[in-house]
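Commentary on secondary and tertiary structure
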Amino acid sequence: MELEGRTIIVTGAAGGIGSAIATACARQGGTVIAVDRVEMPPDPSLPAEVGARLSSYPADISTAAGCADLLTSVLARFGVVDGLVNCAGVMRRGSLLDIDEDDWAATFAVNVDAVMHLSRGILPSLIGAGTGSIVNIASQWGLHPAGGHIAYNTSKAAVVSFSQSLARDYGGQGVRVNAVCPGEILTPMLKQKLETSNIAEAVLAESIPLGRLGRPDEVAELTTFLLSDRASFISGAAIEITGAQQVG
Ligand SMILES: NC(=O)c1ccc[n+]([C@@H]2O[C@H](COP(=O)([O-])OP(=O)(O)OC[C@H]3O[C@@H](n4cnc5c(N)ncnc54)[C@H](O)[C@@H]3O)[C@@H](O)[C@H]2O)c1
């Protein structure tokens, strides 16, 4: 129960990785504000006391106003927030001549701008909490870009730099900030990518030295660790969780 007494916002909480993170935070005793465009589906297999710590907050965070409205209602209800996990993300595929301005803007609105708006809005609360921690779900492609995904790669590189910049600027006020950089994790986002590019899951698994795709709960394990006091001297890190896969 290493997150007992902590209130944590998790975005993208109806998605593959976000729902695993939200659930893991609640299992560790955290009060979780589960944000997504859609309601986080209830998990009947969860013990009632864990389910009771999860509050679903439908919100569109792709605009500054959407982020501000969300934070106003969360802070009015919960007061202090101790943790923020920016996990919501979108992927528009294509190299520069294949994508249009809308692909670029839509990618940055969720993957970068929402991370900035929510971090800025919640920082005073995190500073006041004294145990403030932000975990941003970037991607290994933010560190080692894969071909054919220029908007996504560039947005995730921005998330890594944003996380490290924030860690440097606010470490002195007790706020830790880290980026998690997953590789191939089996979620709806990855399944869609496999379908549209006609790649078999088994073929992708062969490119990973550990011989399989990652699971959302494995990313959740790393994220709850980074939120907790066990990671008290880890800040400004970009941690890859890839099964040793090499991109490029
Ligand atoms: N799956 C992978 O292999 C992988 C690898 C590296 C990084 N990531 C990153 O992990 C994060 C989660 O990805 P996933 O694979 O679970 O994808 P997913 O598509 O299952 O989940 C993403 C969630 O974000 C939500 N979202 C998107 N736009 C939103 C908006 N405007 N407002 C509110 N919610 C919004 C979606 O509704 C969805 O539930 C993303 O940031 C993704 O880039 C995933």
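Refer to the structure above for everything that follows.
Throughout what follows, the structure given in this document is the object of discussion. Because the structure is a prediction, the values reported are computed rather than measured. (Residues numbered from 1 in each chain as written. Predicted model: local features only at pLDDT ≥ 70, side-chain atom pairs only at ≥ 80, totals over all residues. Heavy atoms only, no water.)

What about empty space enclosed by the protein?
Stated precisely, the cut-off is as follows: Cavities and pockets are defined on a 1 Å grid built over the protein atoms alone: a cavity is a set of grid points where a 1.4 Å probe fits but cannot escape, while a pocket is an open set with protein on both sides within 12 Å along at least five of seven lines, and lining residues are those with an atom within 4 Å of any such point. Grid points are joined across faces, edges and corners, and a volume is the space filled by probe spheres set on the points. Each residue gets one label: Ala, Val, Leu, Ile, Met, Phe, Trp, Tyr, Cys and Pro are nonpolar, Asp, Glu, Lys and Arg are charged, and the others, such as Gly, are polar.
Counted under the stated rule, the structure contains 1 cavity of 30 Å³ or more. Quantified by volume, the largest cavity comes out at close to 30 Å³. Lining the largest cavity are L3, R6, I8, D82, G83, T131, S133 and L227. Classifying every residue of the lining of the largest cavity by side-chain character gives 3 nonpolar, 3 polar and 2 charged.

Observations concerning the site of the ligand
Spelled out, the test is: Any residue with a non-hydrogen atom lying within 4 Å of a molecule or strand is treated as near it. Any N or O atom pair separated by 3.5 Å or less is treated as a polar contact, with the protein-specific requirement of one donor-capable and one acceptor-capable atom, and with residues adjacent in sequence counted only for side-chain atom pairs. A 1.4 Å probe and the Shrake-Rupley method give the accessible areas. Residues count as covered only by the protein chains that appear here. A molecule is said to be in a cavity or pocket once over half of its atoms fall within 2 Å of that pocket's grid points. What counts as a helix is a DSSP run of H or I of at least four residues, what counts as a strand is a run of E of at least two, and both are numbered from the N terminus.
Around the ligand there are 28 residues in total, and I17, D36, Y152, I185 and T187 lie nearest to it. Within the side chain of Y152, an N or O atom sits 2.6 Å from an oxygen atom of the ligand. Here the ligand, which alone exposes 820 Å², has 92% of that area covered by the protein. At a threshold of 2 Å from the grid points, most atoms of the ligand map onto the largest pocket. Counting only elements with at least two residues in the shell around the ligand, the list comes to α1 (16-27), α5 (150-170) and α6 (188-197). The residue inventory of the shell around the ligand, partitioned by class, reads 15 nonpolar, 8 polar and 5 charged.

Topic: α6
The cut-off we apply is this: Partly exposed describes any residue whose relative accessible area lies between the buried limit of under 20% and the exposed limit of over 50%, with all areas from a 1.4 Å probe on protein chains only and scaled to the type maximum. Relevant arc is that of directions from the helix axis to the C-beta atoms, nothing else. What makes two residues a contact is simply this: any of their non-hydrogen atoms within 4.5 Å.
Looking at α6, one finds that the buried residues are L190, K193 and L194. For α6, the angular spread of buried residues about the axis comes to 95°, placing them on one side. α6 presents P188, Q192, E195 and T196 as exposed residues on the side facing more than 90 degrees away from its buried surface. Tucked inside the fold, the buried residues of α6 contact α7 (201-206). In the stretch just after α6, N198 is the one whose phi turns positive, near 60°.

A few points about the sheet that holds strand β6 (residues 176-182)
Strand pairing in a sheet takes place through backbone hydrogen bonds and is either antiparallel or parallel in direction. Formally: Any two strands are treated as partners once DSSP identifies two or more bridges connecting them. Axis angles are defined between N-to-C directions and span 0 to 180 degrees, where every axis is a line fitted to C-alpha atoms and, for a helix, only to the segment in contact.
Spatially, β3-β2-β1-β4-β5-β6-β7 is the arrangement adopted by the 7 strands of the open sheet, whose pairing is parallel. At either margin of the open sheet sits one strand with a lone partner, and together these are β3 (54-58) and β7 (238-241). Strand-to-strand, the axes of this sheet are offset by a mean angle of 20°, without reference to chain direction. The pairing of strand β5 (residues 133-137) with β6 spans 5 bridges and is classified as parallel. Bridge pairing in β6 links I137 to V180. Lying on the sheet, α1 is in contact with β1 (7-11), β2 (31-36), β3, β4 (83-86) and β5; it crosses β1 at an angle near 170°. Helix α4 (residues 101-129) contacts β1, β4 and β5 of the sheet and is inclined by roughly 175° relative to β4.

Details of unusual backbone geometry
Notably, N198 is not glycine yet its phi reads approximately 60°, a positive angle. By relative accessible area, which is 73% here, N198 ends up exposed. Phi is positive for A244, close to 75°, though the residue is something other than glycine. Inspection of the secondary structure puts A244 in the segment after β7.

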